[in-house]
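# Working through the structure, step by step
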Amino acid sequence: MTASGIGIIRISGPEAFAVLKRIYRSPLEAGVQKKNPQDHDRTGRSSVDTWKNNTVHYGYIYDGRERIDECLVLYLPGPHTYTTEDTAEIDCHGGPYVMRRILETALKNGARLAEPGEFTKRAFLGGRIDLTEAEAVMDVIGARSEDALKSSMRQLAGSVRRSITELREKIMDELAYIEAALDDPEHYDLTGYPEQLREKLQPIRRRLLQMSHSFAEGRIIREGIATVILGRPNAGKSSLLNALSGTDRAIVTDIEGTTRDVLEENVRIGGLSLRLMDTAGIRDTENAVEKIGVNRAIESAEEADLILAVIDSSRPLDENDRDILRMIRGRRSIVLLNKSDLKEEAVTEDMIRTEMKNPDEKQEEIHIVHISAKNSEGIDELGRIIRSMFLGGRIRMNEEVMLTNARHKEAVDRAIRSLDLVGQSIDNGMPEDFFSIDLMDAYRELGNVIGEEIDDDLANTIFSKFCMGK
Ligand code: GDP
């Protein structure tokens, strides 16, 4: 609950309207509006009983005799609601205090608090959405970058479900064929079938593998790229941080107990989100020298997906610079030749390449960008390079299925392993009913992704991850 202009409280379930009637009064019932014999119901029925489906009503929320707030109530009888159940939505003026009062009043009058994810769980149990869609709702809520949102929205549209369903059907065809042949050998011939099966499973396996690989990319998109900025004192790290943050700074994470130390900041660049780690040391200019010792930097860089090495191009390389350049060899990194506006090229791209050359290993591509952190120049180019490094520069977001959920990936991986076992059985000349067992496992695993044949425990774990109220 934040102090937003309008607060929303949703009540869902068979008793939703009963609860509403106890706490809602129309202007007439509240005595605010003059009685008009036509609209007054002598039996004392609530005005709620006279409402038409899917309509909005102005009125007041009362706790007993006390009026708490004025509100708009959306009257949404099931089954065409988010949860598929009767739903009352109370839009009030908000403010945490008033919201809490209304919530308490609803609770006193027969409602109970939703568990995290319960609304979405009910939508799933009501058959309105399948599991991939339900999980995508959670991803939408958690999405930090534009691409994450798009990917989640597409998932909502069911692209994962469609692909999985299609693959399951193919597996089911084979299962059915094997069963039929074993039952009725006179009409179905299994000669040469194992080889055919091997051929048919290959494209299925390939697609599952693609989905599984998409997960790593999905994580980058969803959680942001864990990024560390390195550079000797005065190279321009904090200026870079400011240039990246701009007005666009998305989220600032304050770690509990430290008011000043911002350990992580999120910035958006190239449509992706960078999770800038360990920024406290950079912002804390007083202790800059001490805090940004290369050792410490190396530590935080260990876990990074991306390292941005800032070099002051107006001064010759020093030992710090060399240490940094050596340590980022072979890592996903970008060297930023900063202060390009000074036009005093004491450091050239060639010098960087020489420094980073590794005689033992094959040469990784070295990315170098000229920037002026102070003037925010070169930041767009940096964004393009990051995008090409992490998304391969492909325009691929529209048509491919991307898994953004760890549980889906695990199920897909298990399905792949089951298909591999089928392959082994074929190699070993096992009888056909052996294929069925592993095919069935693969079928079941894929079913887990879309919420078919799912046991209750799993459903509970999944839905408890949702935010409250969704
Ligand atoms: P840090 O110690 O690495 O965080 O470096 P700062 O960001 O504090 O920058 C050190 C000094 O370099 C400051 O005086 C900045 O104004 C200056 N500086 C940073 N970036 C640029 C740049 O792109 N061009 C110029 N001319 N000066 C810069």
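Read on for a plain summary of the structure. Here the structure is a predicted model, which is why all the values come from computation and not from measurement.

This paragraph deals with the environment of Gly-13. With respect to the element layout, Gly-13 can be found in the loop between strand E1 (7–12) and helix H1 (16–23). Along the backbone, Gly-13 and Ala-111 are 98 residues apart, and their C-alpha atoms lie at a distance of 9.2 Å.

As a further point, take a nonpolar patch on the surface. On the surface, Val-56, Tyr-58 and Leu-72 cluster together to form a nonpolar patch covering roughly 260 Å² of accessible area. Mapped onto the elements, Tyr-58 comes out in strand E3 (residues 55–63). Residue Tyr-58 is classed as partly exposed on the basis of its relative accessible area, which comes to 38%.

Turning to the side chain of Thr-84, a few remarks are in order. With respect to the helices, strands and loops of the structure, Thr-84 is situated in the loop between strand E4 (66–76) and strand E5 (87–92). Excluding residues within four positions of it along the chain, Thr-84 makes contact with Gly-78, Pro-79, Arg-122, Ala-123, Gly-126 and Arg-128.

Our focus in this paragraph is unusual backbone geometry. That bond from Gly-78 to Pro-79 is cis: its omega, 5°, falls within 30 degrees of zero. The phi torsion at Asn-234 lies on the positive side, around 75°, for a residue other than glycine. With respect to the secondary-structure elements, Asn-234 resides in the loop between strand E6 (225–230) and helix H8 (237–245). For Lys-339, which is not glycine, the phi torsion reads 65° and is therefore positive. Along the chain, Lys-339 turns up in the loop between strand E11 (333–338) and helix H13 (349–356).

Scoring rules and cut-offs
Residues numbered from 1 in each chain as written. Predicted model: local features only at pLDDT ≥ 70, side-chain atom pairs only at ≥ 80, totals over all residues. Heavy atoms only, no water. Helix = DSSP H or I, 4+ residues; strand = E, 2+ residues; numbered from the N terminus. Patch = residues over 30% accessible without salt bridge, like charges linked within 9 Å, V, L, I, M, F, W, Y side chains within 5 Å. Areas by Shrake-Rupley, 256 points an atom, 1.4 Å probe, with all protein chains shown as cover. Salt bridge = Lys/Arg side-chain N within 4 Å of Asp/Glu carboxyl O. Buried < 20%, exposed > 50% of the residue type's maximum accessible area, 1.4 Å probe, protein only. Contact = heavy atoms within 4.5 Å.

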